[in-house]
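As a plain string of letters, each chain reads:
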Amino acid sequence: MGFLDGLMGNASEVSAAEVEREFGKVLSQNETIDKAYKLIRDMFIFTNKRLILVDKQGLTGKKVEYHSIPYRNITHFSIETAGNFDLDAELKIWISGNALPLQKQFNKNLNIYELQSVLAEYVLK
């Protein structure tokens, strides 16, 4: 991920193995990481059981909030592809009990269709 992409609010894909080394302590038994995306210091991780949002806080980032969303709580989601002038793709996820969706932006190099497919795999079970 380029630093400029992070400053522009775009997330990029990170190696699942790299993320598992860093965040393995928050995974349950038999839980595996399928996809992970990083936005400067924050991340969101798609596992075979849930979506984990990682929010590193403060100047040093030592304080970390792990927000876990079971896939069964996702009511619907949408993707918006990058265009000619709007160069970022967007993912919106609606969670039961929340009126507004969770929104994440990605640079145009990310395959938003692959991300949608991973989410659909678990939400539509």
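Above this text sits the structure in question.
Novice: Tell me about the packing of aromatic side chains, and name the residues and values.
Specialist: Across all of its chains, the model carries 5 aromatic pairs by this definition. Relative to Phe46, the ring of Phe44 has its centre 6.1 Å away and its plane inclined at 70 degrees; by these criteria the two rings are edge-to-face. Phe44 gets classed as buried once you look at its relative accessible area, which sits at 3%. Under the relative-accessibility criterion, Phe46 is labelled buried at 0%. Chaining the aromatic ring pairs together yields one cluster made of Tyr37, Phe44 and Phe46.

Novice: How would you summarise the pattern of salt bridges if you had to cite specific residues and measurements?
Specialist: A complete count under the given rule lists 4 salt bridges for this structure. In this structure, the salt-bridge partner of Glu22 is Lys56, at a minimum N-O distance of 3.1 Å. With Glu22 in helix H2 (residues 16–23) and Lys56 in strand S4 (residues 50–57), this residue pair connects regions lying 34 residues apart in the sequence. Since its relative accessible area comes to 35%, Glu22 is described here as partly exposed. Lys56 gets classed as partly exposed once you look at its relative accessible area, which sits at 21%. A salt bridge links Glu114 to Lys35; its shortest N-O distance comes to 1.8 Å. In this pair, Glu114 is assigned in helix H3 (residues 112–123) and Lys35 in strand S2 (residues 33–39), connecting sequence segments 79 residues apart.

Scoring rules and cut-offs
- Every chain is numbered independently, its residues counted from 1 as its sequence is written.
- Owing to the predicted nature of the model, reporting of local features is limited to residues with pLDDT of at least 70; listing and counting of side-chain atom pairs is limited to 80 or more, with chain, interface and lining totals taken over all residues.
- Heavy atoms from the whole structure form the basis of all side-chain values; hydrogens and water molecules are not counted.
- Only centres within 6.5 Å qualify two rings of Phe, Tyr or Trp (six-membered ring in Trp) as a pair; their planes then separate them into stacked at under 30 degrees, edge-to-face at over 60, and tilted for everything else.
- Here the term buried applies to any residue with accessible area under 20% of the maximum for its type, exposed to any over 50%, and partly exposed to those in between, with areas from a 1.4 Å probe on protein chains only.
- Salt bridges are defined as contacts in which a side-chain nitrogen from Lys or Arg sits within 4 Å of a carboxyl oxygen from Asp or Glu.
- By the criteria applied, helices consist of DSSP H or I runs no shorter than four residues and strands consist of E runs no shorter than two, each listed in order from the N terminus.

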